[in-house]
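Commentary on secondary and tertiary structure
The chain contents come next:
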Amino acid sequence: MYQTLTFLHSTFRWLVLISLIYSICRAYKGYFLNKEFSKADDMVRHWTATIAHIQLVLGITLYTQSPIIKYFWKNFSVAKETFDLLFFGLIHIFLMLFSIVMITIGSSISKRKATDKEKFTTMLVWFTIALIIIFIAVPWPFSPFANRPYFR
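Everything in this summary refers to the structure shown in the same document.

Calculation notes
Residues numbered from 1 in each chain as written. Predicted model: local features only at pLDDT ≥ 70, side-chain atom pairs only at ≥ 80, totals over all residues. Heavy atoms only, no water. Patch = residues over 30% accessible without salt bridge, like charges linked within 9 Å, V, L, I, M, F, W, Y side chains within 5 Å. Areas by Shrake-Rupley, 256 points an atom, 1.4 Å probe, with all protein chains shown as cover. Salt bridge = Lys/Arg side-chain N within 4 Å of Asp/Glu carboxyl O. Helix = DSSP H or I, 4+ residues; strand = E, 2+ residues; numbered from the N terminus. Buried < 20%, exposed > 50% of the residue type's maximum accessible area, 1.4 Å probe, protein only. Expected span 1.5 Å × (residues − 1). Contact = heavy atoms within 4.5 Å. Axes fitted to C-alpha atoms, helices over the stretch in contact; angles between N-to-C directions. Parallel < 35°, antiparallel > 145°, perpendicular 65-115°, else oblique. Nonpolar A, V, L, I, M, F, W, Y, C, P; charged D, E, K, R; others polar.

1. Topic: a nonpolar patch on the surface
A surface patch of nonpolar side chains, about 370 Å² in accessible area, is lined by Phe-83, Ile-132, Ile-136 and Phe-145. Among the structural elements, Ile-136 can be located in helix H6 (residues 116-137). Ile-136 sits in the partly exposed class, given a relative accessible area of 44%.

Right, dumping it as structure tokens:
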């Protein structure tokens, strides 16, 4: 089960990134070209948040099953000294939770804004902040914090 969760979580991150980037591009275009916030824009906003929430469920499930995390919490005083363990034990999950909260808040606020420009602005700001946090928290192969392959 752990390997399946690892694969799903690793693969699903690409859907999160693609949907966030696509949402940001639509919001940018809508804002600067003074477009109408269409039904398609609203669906993109909604599906971006939904995909992020699915990834969150996969991530929390993986977190509870991970032998790395189990070791981290059983040997916290020693494990906290190893940055790779600290990254996955605390940093990764907190930054990702924060980014999902940002996506959720941005989506919710955007939905309730009165004007199209405000909707695009809200999506653009909140989703961009979330994307930056996600880029920092993903264990990319080139990351100085903790690295993993692009696909597991």
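Here the narrative resumes.
2. Regarding H6
Compared with the 32 Å implied by 1.5 Å per residue over 22 residues, the 31 Å span of H6 between its first and last C-alpha is a close match. Looking only at H6, the buried set comprises Lys-119, Phe-120, Thr-122, Met-123, Leu-124, Phe-127, Ala-130, Leu-131, Ile-133, Ile-134 and Ala-137. Buried residues in H6 make contact with helix H1 (2-32), helix H2 (39-65) and helix H5 (83-112).

3. A look at the packing of H2 against helix H3 (residues 67-74)
Viewed as axis vectors pointing N to C, H2 and H3 meet at an angle of 60°, and their least axial separation amounts to 5 Å. The angle between H2 and H3 falls in the class oblique. Counting all contacts with H2, which are made through Tyr-63, Thr-64 and Gln-65, the residues of H3 involved are Pro-67, Ile-69, Lys-70 and Trp-73. Looking at the contact of H2 with H3 residue by residue, the class counts come to 4 nonpolar, 2 polar and 1 charged.

4. Focus: the environment of Pro-67
Within the secondary structure layout, Pro-67 lies in helix H3. Of the residues examined, Pro-67 reaches a relative accessible area of 47% and is grouped as partly exposed. For the pair Pro-67 and Thr-104, spaced 37 residues apart in sequence, the C-alpha to C-alpha distance is 29 Å.

5. Focus: the side chain of Ser-107
Here Ser-107 shows up in helix H5. On the basis of relative accessibility, which here comes to 6%, the residue Ser-107 falls in the buried class. The contact partners of Ser-107, leaving out residues within four places of it in the chain, are Arg-45, Ala-49 and Phe-127.

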